[in-house]
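# Close look at the chain arrangement
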Amino acid sequence: MHLLLTGLVDEVPGILSVAVVSSDGLLLLSSDPACNARRRPVTSPTGPRSSSADLATIVSGLGSLTAGAAHLMDGGKVRQTVVAMAEGSLFVTAISDGSLLGVHATPDCDMTAVAYHMAMFVGRAGHVLTPELRSELRQSVESG
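Residues numbered from 1 in each chain as written. Predicted model: local features only at pLDDT ≥ 70, side-chain atom pairs only at ≥ 80, totals over all residues. Heavy atoms only, no water.

## Concerning the overall build of the protein chain
Each helix and strand in the protein chain was counted, giving four helices and five strands. Sequence-ordered secondary structure for the protein chain, helices as α and strands as β, is α-β-β-α-β-β-β-α-α. Every one of the 144 residues in the protein chain was classed for burial, and the buried ones make up 41%. Taking the intrachain contacts of the protein chain between residues at least 6 apart in sequence as the baseline, contacts between residues at least 24 apart amount to 54%. Within the structure as shown, the protein chain displays about 7,700 Å² of accessible surface, and the carbon and sulfur contribution to it stands at 58%. (Helix = DSSP H or I, 4+ residues; strand = E, 2+ residues; numbered from the N terminus. Buried < 20%, exposed > 50% of the residue type's maximum accessible area, 1.4 Å probe, protein only. Contact = heavy atoms within 4.5 Å. Areas by Shrake-Rupley, 256 points an atom, 1.4 Å probe, with all protein chains shown as cover.)

Here it is in structure tokens:
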């Protein structure tokens, strides 16, 4: 799984970091090896630009906010959220089980390419995030 995440960062121009967040907001996987489930997240004074734990928190909050908005607007399930900022972009894509895939990218990234590769990741790896794997990842984060 980690190889697929780092593959996104390495292969798609403009992607800075990637995080998979469980439906309850826990960082499950990250493109940053220091923040993966087998280790404790490394805190960084530079914030979301280099901290996958910060990215996971933002992705979880944004996912919750957009799900609430969709519910109030009778819009159905949120499939993807894109936030275009002056100094970066944030993409959040739903994984079928309620988990979220979050990507922090440069402001000049090709948004269509990023969204496409995120959809491909979810299609290839979403089924791998079984309840058993999520439980194992959660346990390793909580004990680590």
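## Some points on the sheet that holds strand E2 (residues 27-30)
Strand order in the open sheet formed by five strands is E2-E1-E5-E4-E3, and the pairing between neighbours is antiparallel. The sheet is open, and its two edges are formed by E2 and strand E3 (80-85), each paired on a single side. This sheet shows a mean twist of 15° between the axes of neighbouring strands, independent of strand direction. Pairing of strand E1 (residues 15-21) with strand E5 (residues 100-105), which is carried by six bridges, proceeds in the antiparallel orientation. Within the sheet, the bridge partner assigned to Val21 lies in E5 and is Leu100. In this fold helix H2 (residues 52-72) packs onto E1, E2, E3, strand E4 (88-94) and E5, with an angle of close to 65° to the strand it touches most, E1. (Pairing = 2+ DSSP bridges. Axes fitted to C-alpha atoms, helices over the stretch in contact; angles between N-to-C directions.)

## Quick look at the nonpolar core
Grouped together as the largest cluster of nonpolar side chains are 19 residues, with contacts concentrated most on Val20, Leu101, Val103, Val114 and Phe121. Where this core is concerned, the elements lending two or more residues are helix H1 (2-11), E1, E2, E5 and helix H3 (111-125). Broken down by element, the residue count for this core peaks at five residues, all from H3. Residues Ala56, Val59, Val92 and Leu100 belong to the second largest nonpolar core, which totals 10 residues. (Core = buried A, V, L, I, M, F, W, Y, C linked by side-chain atoms within 4.5 Å.)

## Side note on the environment of Leu16
Assignment of secondary structure puts Leu16 in strand E1. Overall, the relative accessible area of 41% leaves Leu16 in the partly exposed class. With 72 residues separating them in the primary sequence, Leu16 and Gly88 have C-alpha atoms 9.5 Å apart. In contact with Leu16, other than residues within four places in its own chain, are Val9, His104, Ala105 and Thr106.

## Considering the pairing of E1
With six of its seven residues buried, E1 lies for the most part within the structure. Pairing analysis gives three bridges linking E1 to E2, with the strands arranged antiparallel. Counted as the bridge partner of Ala19 is Ser30 from E2. Linking E1 back to E2 in an antiparallel pair, the connection comprises five residues, with Gly25 at a positive phi of about 90°.

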